[in-house]
Protein chains: 2
Amino acid sequence: MLLTIDPNNGLPIYDQIVRQVKFAIASGALRPGELVPSVREAAKQAAVNPNTVARAYRELQAEGVLRRVRGTGLAVTEDAPAYCRKERVKLLEERLRQVLEEAAQSGLSEAELRQLVEKQLRLLSRSRGRRGSS
Amino acid sequence: MLLTIDPNNGLPIYDQIVRQVKFAIASGALRPGELVPSVREAAKQAAVNPNTVARAYRELQAEGVLRRVRGTGLAVTEDAPAYCRKERVKLLEERLRQVLEEAAQSGLSEAELRQLVEKQLRLLSRSRGRRGSS
DNA sequence: CATGGTGTACTATTTAGATAGTATACCATG
DNA sequence: CATGGTATACTATCTAAATAGTACACCATG
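Cut-offs and rules
Residues numbered from 1 in each chain as written. Chains lettered and ligands numbered in written order. Predicted model: local features only at pLDDT ≥ 70, side-chain atom pairs only at ≥ 80, totals over all residues. Heavy atoms only, no water. Least-squares fit on C-alpha atoms with pLDDT ≥ 70 in both. Contact = heavy atoms within 4.5 Å. Phe/Tyr/Trp six-rings, centres within 6.5 Å; stacked < 30°, edge-to-face > 60°. Lys NZ or Arg CZ within 6 Å of the ring centre and 35° of its normal. Helix = DSSP H or I, 4+ residues; strand = E, 2+ residues; numbered from the N terminus. Expected span 1.5 Å × (residues − 1).

For the pair chain B and chain A, the best superposition has an RMSD of 0.1 Å and corresponds to a rotation of 180 degrees with a translation of 0.0 Å parallel to the axis. Taken together, the rotation and translation describe the operation of a two-fold axis. Residue Gly10(B) of chain B places its C-alpha closer to the rotation axis than any other residue of that unit, at 3.0 Å. A shared interface surface links the copies, since 100% of the contact residues of chain B are contact residues in chain A too.

Here's what the structure looks like:
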């Protein structure tokens, strides 16, 4: 479980953490029963304040994604994978919708918009390929 | 020149204003020499504080998009359209890249990602059609 | 049973964004 | 030349996000 925080991502740090944990569970990288990094450990690794991590974990517990194991840490619940897969689609769709809406309001035609999207998808698959092959 | 502000857009209000003015110029809705709505007028229309509008306009002047006409208001410069068309692509690409990158990190395959994008593009063109026809 | 690692709670401080209110300098208009 | 609309500057206040530091309750481990 590796957290990568981008301070000027638009999203608050605690929200980035929430999303990344959900995504890790959705993708199977984190499985039910597994422990999430401790508040202090995650904070150190992400160069972020422990309170910020604690806030993210508090939200994840409130949503039923994590449960507390006394004296041990926070574990992924049994229901989390199904829930997180739904969340993943929902969260990504929402951000995508906002961006595409702004693009439409900017006066771009649908064709120009599709070109933009294609360009970014190509760039993305290229960097993905490099990551996989090296 | 109509400003539509979404308080929970992720972007700060002053930034939304900056972008919308640039987009209006890029699309030709605002042309060189034309006056932008006054700070007070824009603030009232968008239900926002005049200082927030003033901050956005200050940035637009610093970028050479608007120039001050003493005692009259702020006018679009001659160089603005070319500049704003470049900016439009740049600003949209940046946001789009962030979203697609997050989607890739979430474990979605490229095929699933493309499906998501297609779905949102379809929803978008549908609402566009409604806007145009009604 | 003491140690050390868990999460949690609490208060205080800092920063950015936004609001509120006031004051000022400018000038087109009548 | 007075009026009113323009941008601008300034201080103060408010909120959310993030940081900082401290303290506490819990319990697995040795």
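There is more to say, and it comes next.
What follows concerns the packing of aromatic side chains. Tallied over the full model, the rule gives 0 aromatic pairs over all chains. One residue, Arg55(A), lies across the ring of Tyr14(A), its end atom 3.7 Å from the ring centre.

The next subject is helix H4 (residues 80-105) of chain A. With 26 residues, H4(A) ought to run about 38 Å at 1.5 Å a step, and its terminal C-alpha atoms sit 37 Å apart, in line with that. Directly after H4(A), the chain includes Gly107(A), whose backbone phi takes a positive value near 95 degrees.

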